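# Structural overview
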Number of protein chains: 4
Amino acid sequence: MSSEFKAGNLSVNIFGESHGTAIGVVIDGLPAGEKLDFDEISRFMARRAPKKDGTSTRRSEPDIPEILSGVMDGVIEGIPLCAVIKNTDQHSNDYKSVSHLARPGHSDYTGYVRYNGSNDLRGGGHFSGRLTAPLCFAGAVAAQLLKNRGIETGAHILKIKDICDEPFDPVNVTAQQLETVKSRYLPLIDETKDQPMRELILNASENLDSVGGVIEYCAIGMPVGIGNPMFDGLENRIAQSVFGVPAVKGIEFGAGFDVSDMYGSENNDEFYIRDGKILTRTNNHGGILGGISGGMPITVRAAIKPTPSISRPQKTVDYTTMTEEELTIKGRHDPCIVPRAVPCIEAAVNIALLSYFC
Amino acid sequence: MSSEFKAGNLSVNIFGESHGTAIGVVIDGLPAGEKLDFDEISRFMARRAPKKDGTSTRRSEPDIPEILSGVMDGVIEGIPLCAVIKNTDQHSNDYKSVSHLARPGHSDYTGYVRYNGSNDLRGGGHFSGRLTAPLCFAGAVAAQLLKNRGIETGAHILKIKDICDEPFDPVNVTAQQLETVKSRYLPLIDETKDQPMRELILNASENLDSVGGVIEYCAIGMPVGIGNPMFDGLENRIAQSVFGVPAVKGIEFGAGFDVSDMYGSENNDEFYIRDGKILTRTNNHGGILGGISGGMPITVRAAIKPTPSISRPQKTVDYTTMTEEELTIKGRHDPCIVPRAVPCIEAAVNIALLSYFC
Amino acid sequence: MSSEFKAGNLSVNIFGESHGTAIGVVIDGLPAGEKLDFDEISRFMARRAPKKDGTSTRRSEPDIPEILSGVMDGVIEGIPLCAVIKNTDQHSNDYKSVSHLARPGHSDYTGYVRYNGSNDLRGGGHFSGRLTAPLCFAGAVAAQLLKNRGIETGAHILKIKDICDEPFDPVNVTAQQLETVKSRYLPLIDETKDQPMRELILNASENLDSVGGVIEYCAIGMPVGIGNPMFDGLENRIAQSVFGVPAVKGIEFGAGFDVSDMYGSENNDEFYIRDGKILTRTNNHGGILGGISGGMPITVRAAIKPTPSISRPQKTVDYTTMTEEELTIKGRHDPCIVPRAVPCIEAAVNIALLSYFC
Amino acid sequence: MSSEFKAGNLSVNIFGESHGTAIGVVIDGLPAGEKLDFDEISRFMARRAPKKDGTSTRRSEPDIPEILSGVMDGVIEGIPLCAVIKNTDQHSNDYKSVSHLARPGHSDYTGYVRYNGSNDLRGGGHFSGRLTAPLCFAGAVAAQLLKNRGIETGAHILKIKDICDEPFDPVNVTAQQLETVKSRYLPLIDETKDQPMRELILNASENLDSVGGVIEYCAIGMPVGIGNPMFDGLENRIAQSVFGVPAVKGIEFGAGFDVSDMYGSENNDEFYIRDGKILTRTNNHGGILGGISGGMPITVRAAIKPTPSISRPQKTVDYTTMTEEELTIKGRHDPCIVPRAVPCIEAAVNIALLSYFC
């Protein structure tokens, strides 16, 4: 098994390769009868599209999903929804030279061994970040279904290297704030960080290098009591889904790794009552206790590694000839994948949350 | 669904409650014909047992698993293995007073809503850390089967609050080192940290408080090419399993969250060849590329929150009467769960790794 | 994977061996808050108990399930329910002589190969009909939860060899009829068949032989619209579950194999309306169209083979020495398993139906 | 969940609707590196194509699958394989009149309730027999991978109404025989039955009626020891898959329902040794004991109901207005689906068998 996220009665099955005919997704288990706003889906997917300012790859594809099944007159039918995106702008020649030189930080070598050398290596094949396009499609569908259930979701760049945005207020974040960051050129709360972040990325690019960062996600309006104990709690499903986004090397909820620096008396979130609802004054638990939602905002952070494709020469090996070689990667690569990964992380968490409602 | 870890052809199904008759586990999908060393299993489980020095709870149970099925003459039969551990030392009276006051940082309230108030709340019920005993049993079985496949595993306390152990060398860690930490009173690489860590914990305890930390896990000898793309890679399965351990609030692989501070040229691990094997000179990728093992040590870190049960008065609510109250938790609690959580994290990752071989 | 039925959010995990310490079941995904009537469960399980009149095995075990978890004060908690039944009346000596002679019609040889000779062969081990005791426990729980949702279930002996009971009226069967057959010595609609059936069985037994039969199951009150298309419809789940009962060699729904003798105009069930409900005048579809319930009684029939353990000498092989041998099976065997299999089939279908409500 | 067959590490996810844009399948978990013969796949799928002699629908579509991913240079890559078949010959006007009149024997009404009226009803939508085209694609792929493992498979019409083909010899059936039936106009062992069967079908058609039948499947070369106990045995997986073919109302293995007429001494298959292999002299067990293969041919029979779409007027209801109506179905329908269902049953069983090797 591999490229399927399956939880509860929802399954999301992603297929395709960077340089194949098409990529796509089959989503099964969706509730019947809810209308999809395809403009909204397009806007979601557009946030993943490359920027035109040099901070992204220059590969450019319209990435318009064609719906093959599961939607009629704009309404979800409840049967499997298949959406396909044609690959149109492959420059496979760019990849001819990499042949069997393992690109550091990529899955060329591990995938080659895993698939006995039978998988398409061009552009990373099935491991390509391009597969996040159908993921974003599924996540955009999930966003709408969550919204129909009163749940608002959003994500932003928390940091790129040493330039940090301010975090979402884990207690008081509003739907408006979640919406606002989506409309910005770079998804940031503090707009003054836009310029320095872009410069940082362009500098890295000029140095034939790349940078990574951290993305923060938030969902508000989650009903209390959603989730399961032990292996099927919110953290488990969300983590399983988020590590489906290439380049994620860590995930944390609420205070995350900072809990290790706190006393219990600091970390514990005291309960109180406001307007007939049980809330906590702080939100170190990230909205999740025992794998189950408690009504506070769900907060998730994911660490994104620097794009492994950099243009400077790197030492590596040819795994077929078992010789050490030097590699200079050509092609069109993002000097920083973080801005485009924001909707991908959002999509991955959305799908995990939706699975509890299917 | 809930308390089952299921991946590949392996399932680990944990049942029981802190104050019920017994807790246990059904493991299905194990390979037939391999001999189990039950002394070794006991040693693994003993590492989870409370310390007698005040750093742990004083609840004391022998926790000897009784094998109901699946093992004959010490050999795994291949059919479902059921192991049961009787609960013998419940002090349910300790819990009488908590009634429906939500203990901050616990799942009392979320579980109550999730199960319509029908679940046993005493001692956390099914959400109790006590359920990690059968998890450790399963993890100890997994450790032996992994060892039979040439894979050595271990874990240690990386830090408790501001006192840090040195990390495993992610490139050169040896089986001997993995073994050594297991035999120590506190599982540490740097023994000089034992005394200050214990003092830190005892101080927290005296202050009616608790502390958390970070645990680091390592597996060596993992063959190349194990794992699947997207949602079923090593990170996905390991994360899904590790968040099954209560109190985990974050997980990271390789350089983890530190990748956000690195340039691609720093983070990329260059490949080279030694003794006919492809290796990397650094191991920021934590042994995993594209969800698939590459032959370097698998490194995982998990953040453990401070024990939420602390003895000082805390503000909270009664979720049945919807009134604000003050709560003073009685009972026997670990002022720091980190040392006992080390074998639990080890167990959780072991199970995830084993699933690829079942 | 093996001994788990998993569908929707329900899983039923059966473990144990005929001559091991205990057998049992973990049921996960049950809805929280419903009260269980344990006397009712006992009555369900008692229907599986051996008869004392020579038509059943003389192995006699009380088979009282001990609840280890998941039920508190008689109410389902929603967390995993584990029930265990001790093995108390093993006569393992009876099996000493069979050693590695493959009993015809049994899984001795296939199981031996499957498990590399590591599985317990005594009494069939994990393949023993004894494992249907925890199945019946789970099915009895399911029966109550179905009843809480307005669904009544029952089953009877449709035939044993050439002696046939009358079938349930597939259109007008009542809850009363489903209940009545459960209370009879042999579960029959036509009581005049009780005597001849028992004589048939005793005759077979005296001839050192055995007989099989067909069991018919019926559920009424199933809401319309339950089920899924293609691989997850009612027939799929029910069949997957029912073939979990040893000795089942066929299953059919509604008119079943008889559809092959009908014209479409005969087989099609015309719809009509009565009391504001859509019904069909005949029920060849067995209550299921496109894998989905339509409101008519769900009817299922299962073929049960004659008990393979017969006392007359049989030719066989020793699969370890690869020699042809003659085998005379000793031990206490049912000359006809059909009466005791009735609650087992009922349990298996009940579990499949319940899975759509979890 | 719904239209996915998932077992072991194989998943087959079928999507599409009769009158939508396209239908297709995503197959995940296939072993990497094996070459596919696409001419062979076309031949397999051609066996499902409508006959031109009046015994089939006159709807005619080339049904050429387009491979979107998972195959490169004719070789299976190991990542998800997606194949899509465009719908080109929809006559949706034919269906305009049926609107909300429930066609007897169809899932119109049950599907309407299941999906709250949101699913495409034209031509049966997702419930259409047309969805067996991607099923056959998957089954053709499976056939080749099974053949690579020494397993030959085939199926034939055992009977249509009262005209019977001779059955496969369950002990001595050969690969040649399995191949021969595939090449015949009607897949029959006894060619003298071709003419009377076609007349029977045409007669039914002229009478505005339809007929059903029984299909028999056989696999030889299955290694010993494949399968799992209880709920995951060969019968369980095969049944779960085969009931995915519309119109199947029953399934049986080996002697099937006939076991109910036999004594144990007749039904038991005695073991013997030939050429160093353990065989049985008869094969009432259908190659499966305890859910596990024993080396004898795997034999399966499925009952196929008469096509529910018949051209004579039928009484039914409008499930939206809740009125009783008369319905005359127009459109192009198979007076007998059995011949075209033969490769579908074959595909379904093939997929189930393959799942044990993925």
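Everything numeric here is computed off the predicted structure, so don't read it as measured data. (Residues numbered from 1 in each chain as written. Chains lettered and ligands numbered in written order. Predicted model: local features only at pLDDT ≥ 70, side-chain atom pairs only at ≥ 80, totals over all residues. Heavy atoms only, no water.)

What follows is about the overall build of chain A. Per the secondary structure count, chain A includes nine helices and 18 strands. By the compact-globule yardstick of 21 Å for 358 residues, chain A fits well, its C-alpha radius of gyration being 21 Å. Across its three principal axes, chain A shows a C-alpha extent of roughly 65 × 50 × 35 Å. Long-range contacts, defined here as pairs at least 24 residues apart, represent 73% of the contacts in chain A between residues at least 6 apart. Split by element, the accessible area of chain A, about 11,100 Å² in all, is 48% carbon and sulfur. A gap of 4 Å separates the mean positions of the 35 positive and 45 negative side-chain charges of chain A. (Helix = DSSP H or I, 4+ residues; strand = E, 2+ residues; numbered from the N terminus. Rg over C-alpha atoms; globule rule 2.2 N^0.38 Å. Contact = heavy atoms within 4.5 Å. Areas by Shrake-Rupley, 256 points an atom, 1.4 Å probe, with all protein chains shown as cover. Lys, Arg positive; Asp, Glu negative; His and termini not counted. Charge placed at Lys NZ, Arg CZ, Asp CG, Glu CD.)

With that settled, the discussion passes to the sheet that holds strand β16 (residues 298-304) of chain D. Taken in spatial order, the 10 strands line up as β9(C)-β8(C)-β10(C)-β16(C)-β11(C)-β11(D)-β16(D)-β10(D)-β8(D)-β9(D) in an open sheet, and their pairing is antiparallel. Both outer strands of the open sheet, β9 (163-164) of chain C together with β9 (163-164) of chain D, are each paired with one neighbouring strand and no more. Two strands pair when backbone bridges link them, and strand β10 (residues 213-220) of chain C and strand β16 (residues 298-304) of chain C are joined in this way by seven bridges, in the antiparallel orientation. When the bridges of β16 of chain C are listed, Cys218 of chain C appears paired with Thr299 of chain C. (Pairing = 2+ DSSP bridges.)

The next thing to look at is the interface of chain C and chain D. Listed by partner, the interface residues are 99 residues for chain C and 99 residues for chain D. Taken together, both faces of the contact between chain C and chain D bury some 8,000 Å²; the carbon and sulfur share is 65%. Viewed at the interface, chain D and chain C are joined by four salt bridges. Across the pair Asp261 of chain C and Lys159 of chain D runs a salt bridge whose closest N-O atoms are separated by 2.6 Å. (Buried area = accessible area lost by both parts, 1.4 Å probe. Salt bridge = Lys/Arg side-chain N within 4 Å of Asp/Glu carboxyl O.)

A few words now on the relation of the copies chain C and chain D. Overlaying chain C on chain D yields an RMSD of 0.0 Å, the required transformation being a rotation through 180° with an accompanying axial translation of 0.0 Å. Seen this way, the second copy is the image of the first under a two-fold rotation axis. Looking at the interface residues of chain C, 100% of them are also at the interface in chain D, so both copies use one shared face. (Least-squares fit on C-alpha atoms with pLDDT ≥ 70 in both.)

Turning our eyes to something else, we now look at the sheet that holds strand β1 (residues 4-7) of chain B. Residues and elements named next belong to chain B. Judged by pairing direction, the sheet is antiparallel, and its five strands sit side by side in the order β1-β2-β3-β7-β4 without closing on themselves. The sheet is open, and its two borders are formed by β1 and β4 (66-69), each paired with just one other strand. Shown here is a sheet whose adjacent strand axes are inclined to one another by a mean of 15°, direction ignored. As defined by bridge partners, strand β3 (residues 22-28) adjoins strand β7 (residues 81-86) across six bridges and the pair is classed as antiparallel. When the bridges of β7 are listed, Gly24 appears paired with Val84. Packed onto the sheet, helix α4 (residues 132-148) meets β2 (10-16), β3, β4 and β7 and runs at close to 30° relative to β3. (Axes fitted to C-alpha atoms, helices over the stretch in contact; angles between N-to-C directions.)

So, about the packing of helix α4 (residues 132-148) of chain D against helix α9 (residues 338-355) of chain D. A pair of packed helices is characterised by two quantities: the angle between their axes and the separation of those axes. All names here are of chain D. Two numbers describe how α4 lies on α9: the axes approach to 7 Å, and their chain directions differ by 50°. With respect to α9, the element α4 is oriented oblique. For the element pair α4 and α9, the recorded crossing hand is left-handed. Residues Thr132, Leu135, Cys136, Ala138, Gly139, Ala142, Ala143, Leu145 and Leu146 of α4 touch α9, and the partners they reach there are Pro343, Cys344, Ala347, Asn350, Ile351, Leu353 and Leu354. Residue composition of the contact of α4 with α9, by class: 13 nonpolar, three polar and no charged. (Parallel < 35°, antiparallel > 145°, perpendicular 65-115°, else oblique. Left-handed = near helix turned anticlockwise from the far one by under 90°. Nonpolar A, V, L, I, M, F, W, Y, C, P; charged D, E, K, R; others polar.)

Turning our eyes to something else, we now look at the side chain of Glu17 of chain A. Relative to the helices and strands, Glu17 of chain A is located in the loop between β2 (10-16) and β3 (22-28). Buried and unpaired, Glu17 of chain A has no salt bridge, with Arg122 of chain A as the nearest side chain of opposite charge at 6.3 Å. Setting aside its immediate chain neighbours within four residues, Glu17 of chain A contacts Ala22, Ile23, Asn87, Asp120, Gly125, His126 and Leu131 of chain A together with Ser69, Gly70, Glu77 and Ile79 of chain D. (Buried < 20%, exposed > 50% of the residue type's maximum accessible area, 1.4 Å probe, protein only.)

Taken as a whole, this structure holds 92 salt bridges over all chains when the rule is applied. Note that Arg340 of chain B and Asp334 of chain B form a salt bridge whose closest N and O atoms lie 3.0 Å from each other. Each member of the pair, Arg340 of chain B as well as Asp334 of chain B, is classed as buried. In this structure, a network of salt bridges that share partners links the residues Arg47, Lys147, Glu152, Glu179, Lys182 and Glu346 of chain A.

On to the packing of aromatic side chains. Using the criterion set out here, one finds 26 aromatic pairs over all chains in the structure. Ring geometry for Tyr109 of chain A and Tyr319 of chain A: centres 5.9 Å apart, planes at 40°, overall tilted. Separated by 210 residues along the polypeptide, Tyr109 of chain A in helix α3 (residues 108-114) and Tyr319 of chain A in the loop between β17 (314-318) and β18 (323-327) bring together distant segments of the chain. For Tyr319 of chain A, a relative accessible area of 8% translates into the label buried. By way of ring pairs, the aromatic residues Tyr109, Tyr112 and Tyr319 of chain A together with Phe271 of chain B are connected into one cluster. When the ring centre of Tyr263 of chain D is taken as origin, the NZ or CZ atom of Lys161 of chain C, which lies over that ring, is 4.2 Å away. Lying over the aromatic face of Tyr356 of chain D, Arg237 of chain D brings its terminal NZ or CZ to 3.8 Å of the ring centre. (Phe/Tyr/Trp six-rings, centres within 6.5 Å; stacked < 30°, edge-to-face > 60°. Lys NZ or Arg CZ within 6 Å of the ring centre and 35° of its normal.)

This paragraph deals with the nonpolar core. Core analysis: the largest hydrophobic core is formed by 157 residues, its most contacted members being Phe137, Ile238 and Ile251 of chain A together with Ile238 and Ile251 of chain B. When residues no more than four places from it in sequence are discounted, the contact partners of Ile238 of chain A are Ile251, Phe253, Ile298, Val300, Val349, Ala352 and Leu353 of chain A. Counting 155 residues, the second largest nonpolar core, distinct from the first, contains Ile215 and Cys336 of chain C together with Phe253 and Val349 of chain D. (Core = buried A, V, L, I, M, F, W, Y, C linked by side-chain atoms within 4.5 Å.)

Another point: unusual backbone geometry. Peptide bonds are mostly trans, and most non-glycine residues show a negative phi. Backbone geometry at Asp275 of chain A places phi at a positive 55°, although glycine is not the residue there. Looking at the element boundaries, Asp275 of chain A is found in the loop between β12 (271-274) and β13 (277-280). Assessed through its relative accessible area of 73%, Asp275 of chain A is described here as exposed. Even without glycine at this site, Met230 of chain C takes up a positive phi of about 55°. Tracing the sequence through the fold places Met230 of chain C in the loop between β10 and α7 (234-242).

What follows concerns the confidence of the model for chain A. Scored by pLDDT, chain A has a mean of 94; 97% of the residues are at 70 or more. In the predicted complex, the global pTM is 0.96; the interface-specific ipTM is 0.96. (pLDDT = per-residue confidence, 0-100.)

A word on helix α6 (residues 194-206) of chain D. Residue and element names in this part refer to chain D. Relative to the 18 Å expected for 13 residues at 1.5 Å per residue, α6 spans 18 Å between its end C-alpha atoms, a close match to the ideal helical length. Within the span of α6, buried status applies to Asp194, Met197, Leu200, Ile201 and Ala204. Axial view of α6: buried residues confined to an arc of 135°, hence all on one face. Where the residues of α6 are buried, they touch β8 (152-160), β9 and α9. Just downstream of α6 lies Leu208, where phi reads positive at about 55°. (Expected span 1.5 Å × (residues − 1). Arc of directions from axis to C-beta.)

Both faces of the sheet carry side chains from a regular strand, because those side chains alternate between them. All names here are of chain A. Burial analysis of strand β8 (residues 152-160) places nine of its nine residues in the buried class, which makes it a mostly covered element. Across eight bridges, β8 lies against strand β10 (residues 213-220) in antiparallel orientation. For Lys159, the partnering residue across the bridge sits in β10 and is Val214. Pairing geometry for β8 and strand β9 (residues 163-164), over two bridges, is antiparallel. Paired with Ile160 across the strands is Ile163, a residue of β9.

A surface patch of like charges, here positive, comprises Arg274, Lys277 and Arg281 of chain A together with Lys315 of chain B. Summarising the element assignment, Arg281 of chain A is placed in the loop between β13 and β14 (288-289). (Patch = residues over 30% accessible without salt bridge, like charges linked within 9 Å, V, L, I, M, F, W, Y side chains within 5 Å.)

According to the stated counting rule, one finds zero disulfides over all chains in the structure shown. Between Cys136 of chain B, a cysteine without a disulfide, and Cys344 of chain B, which holds the nearest cysteine sulfur, the sulfur-to-sulfur distance is 3.8 Å. (Disulfide = S-S within 2.5 Å.)

Attention shifts here to the pairing of strand β2 (residues 10-16) of chain D. All names here are of chain D. Burial runs high along β2: seven of the seven residues are buried. Alternating residues of β2 divide into Leu10, Val12, Ile14 and Gly16 and Ser11, Asn13 and Phe15, and every residue in both groups is buried. Two strands pair when backbone bridges link them, and strand β1 (residues 4-7) and β2 are joined in this way by four bridges, in the antiparallel orientation. Among the inter-strand pairings, Glu4 is bridged to a residue of β2, identified as Asn13. In this antiparallel pair of consecutive strands, β1 and β2, the connection spans two residues, and Gly8 shows a positive phi of 55°. Direction of pairing for β2 relative to strand β3 (residues 22-28): antiparallel, over a ladder of six bridges. Across the sheet, the residue bridging to Val12 is Ile27, located in β3.

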